[in-house]
Amino acid sequence: MGSQLLQSIHIHPVKAFRGLSLREAVVEPWGLAGDRRWVLIDDGGKVVTQRQQPRLALAAAELLPGGGVRLSAPGMDSLSVTVPRPLGTVPVQIFGDKVEGVLAEDEAAHVWCSEYLGAGTRLVHMDDPATRRPVDPEYGRPGETVSFADGYPLLVTSTGSLDALNSLIAQGDQAADGPLPMNRFRPNVVVSGADAWAEDDWSRIAIGDVTFRVAKSCGRCVVTTTDQGTAVRGKEPLYSLGRHRRIGGKLVFGQNLVPLNRGTIRVGDSVTILD
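Let me begin by describing the structure that accompanies this report. Being a predicted model, the structure only gives us computed values, none of them experimental.

### Considering the overall build of the chain
Argument step 1. Helix and strand counts for the chain come out as 3 helices and 20 strands.
Argument step 2. A compact globule built from 275 residues should have a C-alpha radius of gyration of about 19 Å, and the chain, at 18 Å, falls within 12% of that.
Argument step 3. Taken along the three principal axes of its C-alpha coordinates, the chain extends 50 × 40 × 35 Å.
Argument step 4. Evaluated residue by residue, the chain yields a buried proportion of 52% over its 275 residues.
Argument step 5. In the chain, once contacts between residues fewer than 6 apart in sequence are set aside, the share between residues at least 24 apart is 69%.

See below:
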């Protein structure tokens, strides 16, 4: 194994929208700055993701100064949305968690999202990630919080594991679905130079000057079968993960991270396995 490096950094300003690639990012206790601070909810307050709406893969959200976003999608005029004033909150249901968020103030934002998806949706901002949503106490520690990510501040994947998975796909019954790009897994940080599946054994890592603990492995869902460029679904990678990477009842690819200090990470930073 050669030196391990941070190959790429990704954020998703609106949860379930297309990811943005960055050269550097500020690490905050609840995740990368600007990552998943916005989310869509349905009329019942439940989070809307690519699980229900694969067309969200084609929608983009550019991060604006101050934390606002510029929304764009096929067939839609772009729309800039500013961070709302925290004058009141609405309940958000996200995978069993009940969280408070702040509705976008401009009604046009809700209309834009509803028109694109063809269903009633509202755009919500997390105003205070330091207090709104604790990490799952089964794997979290007191005081740890997370934004609107699935459950943990960051997700790390490795190019070695993706290469190994694509080899398994090529040998399987659904070979026509592969090879898959890394964006199927929507990671925050991608490591190169590590052996395939080495991340299964990581407990604590450093990326540049920032240290992270590995909270748990990441069980994958139907979103990974959605082509992020076309929104069309196939059977991979869940078919091959189910045959070769079923761990603890989950189909595993990647590891969830919790930052242990603040700092800035940059593409090309060394990645050190501490434990």
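### As for the pattern of salt bridges
Argument step 1. Scanning the model with the defined rule gives 11 salt bridges in all.
Argument step 2. Between Arg 70 and Glu 62 there is a salt bridge, with the nearest N and O atoms lying 2.9 Å from each other.
Argument step 3. On the accessibility criterion, Arg 70 (31% relative accessible area) is partly exposed.
Argument step 4. Two residues, Arg 133 and Asp 97, come together in a salt bridge whose shortest N-O distance is 3.0 Å. Residue Arg 133 is located in the loop between strand 12 (121-125) and strand 13 (154-158), and its partner Asp 97 is located in strand 11 (residues 97-103); the two are separated by 36 residues in the primary sequence.

### Looking at the packing of aromatic side chains
Argument step 1. Following the criterion strictly, the structure yields 3 aromatic pairs and no others.
Argument step 2. Aromatic pair Phe 185 and Phe 253: ring centres 4.0 Å apart, planes at 25 degrees, arrangement stacked. Placement of the pair is Phe 185 in the loop between helix 2 (159-171) and strand 14 (189-192) and Phe 253 in strand 18 (residues 250-259), with a sequence separation of 68 residues.
Argument step 3. Note on Phe 185: relative accessible area 1%, which makes it buried.

### Considerations on the nonpolar core
Argument step 1. Of all hydrophobic cores here, the largest spans 24 residues; its most connected members are Val 14, Phe 17, Leu 40, Leu 71, Val 81, Trp 112 and Leu 123.
Argument step 2. Those elements that place two or more of their residues in this core are strand 5 (38-42), strand 8 (69-73), strand 9 (76-81) and helix 1 (107-117).
Argument step 3. In this structure Trp 112 touches Phe 17, Leu 71, Ser 72, Ala 73, Met 76, Asp 77 and Leu 79, once residues within four positions along its chain are discounted.
Argument step 4. One finds Ile 9, Leu 154, Ala 194 and Ile 207 within the second-largest nonpolar core, a separate group that totals 21 residues.

### Some thoughts on the environment of Gly 263
Argument step 1. Checked against the element boundaries, Gly 263 lands in strand 19 (residues 263-266).
Argument step 2. Exposure remark for Gly 263: the relative accessible area of 23% places this residue in the partly exposed category.
Argument step 3. When the C-alpha atoms of Gly 263 and Val 210 are compared, they prove to be 5.8 Å apart, with 53 residues separating the residues in sequence.
Argument step 4. Among all residues touching Gly 263, those that are not within four sequence positions of it are Ala 25, Val 26, Val 27 and Val 210.

### A short note on unusual backbone geometry
Argument step 1. Cis geometry marks the peptide bond from Gly 178 to Pro 179; its omega dihedral reads -10 degrees.
Argument step 2. Within the secondary structure, Pro 179 is located in the loop between helix 2 and strand 14.
Argument step 3. At Arg 36, a residue that is not glycine, the phi angle is positive and equals roughly 55 degrees.
Argument step 4. Residue placement: Arg 36 occurs in the loop between strand 4 (31-32) and strand 5.
Argument step 5. Here Arg 36 falls in the buried class, since its relative accessible area comes to 8%.
Argument step 6. With a phi close to 70 degrees, Ala 231 is a non-glycine residue in the positive phi region.
Argument step 7. Tracing the chain through its elements places Ala 231 in the loop between strand 16 (210-219) and helix 3 (238-244).
Argument step 8. Classification of Ala 231 by relative accessible area gives buried; the value is 14%.

### A few points about the sheet that holds strand 6 (residues 47-48)
Argument step 1. Strand order in the open sheet made by the 5 strands is 6-5-12-11-10, with antiparallel pairing throughout. Strands at the two margins of the open sheet, each flanked by one partner only, are strand 6 and strand 10 (90-94).
Argument step 2. Of the pairings in the sheet, the one linking strand 10 to strand 11 comprises 5 bridges and is antiparallel in character. Note on strand 11: the bridge partner recorded for Val 92 is Val 99.
Argument step 3. Against the sheet, helix 1 engages strand 5, strand 6, strand 11 and strand 12, with an angle of about 130 degrees to strand 12.

### Remarks on the environment of Ser 8
Argument step 1. Tracing the chain through its elements places Ser 8 in strand 1 (residues 5-11).
Argument step 2. By relative accessible area, Ser 8 is classed as buried at 15%.
Argument step 3. Taking C-alpha positions, Ser 8 is 8.3 Å from Arg 266, a pair spaced 258 residues apart along the chain.

### Regarding the side chain of Gln 50
Argument step 1. Looking at where Gln 50 falls in the secondary structure, it is placed in the loop between strand 6 and strand 7 (60-63).
Argument step 2. Gln 50 sits in the buried class, given a relative accessible area of 1%.
Argument step 3. Only 2.9 Å separates the side chain of Gln 50 from the backbone oxygen of Ala 16, close enough to count as a polar contact.
Argument step 4. Among residues more than four places away in sequence, those in contact with Gln 50 are Ala 16, Leu 56, Ala 57, Arg 186, Val 223, Thr 226, Gln 228 and Arg 233.

Conventions used here
- Residues numbered from 1 in each chain as written.
- Predicted model: local features only at pLDDT ≥ 70, side-chain atom pairs only at ≥ 80, totals over all residues.
- Heavy atoms only, no water.
- Helix = DSSP H or I, 4+ residues; strand = E, 2+ residues; numbered from the N terminus.
- Rg over C-alpha atoms; globule rule 2.2 N^0.38 Å.
- Buried < 20%, exposed > 50% of the residue type's maximum accessible area, 1.4 Å probe, protein only.
- Contact = heavy atoms within 4.5 Å.
- Salt bridge = Lys/Arg side-chain N within 4 Å of Asp/Glu carboxyl O.
- Phe/Tyr/Trp six-rings, centres within 6.5 Å; stacked < 30°, edge-to-face > 60°.
- Core = buried A, V, L, I, M, F, W, Y, C linked by side-chain atoms within 4.5 Å.
- Pairing = 2+ DSSP bridges.
- Axes fitted to C-alpha atoms, helices over the stretch in contact; angles between N-to-C directions.
- Polar contact = N/O pair within 3.5 Å; in protein donor to acceptor, adjacent residues only side chain to side chain.

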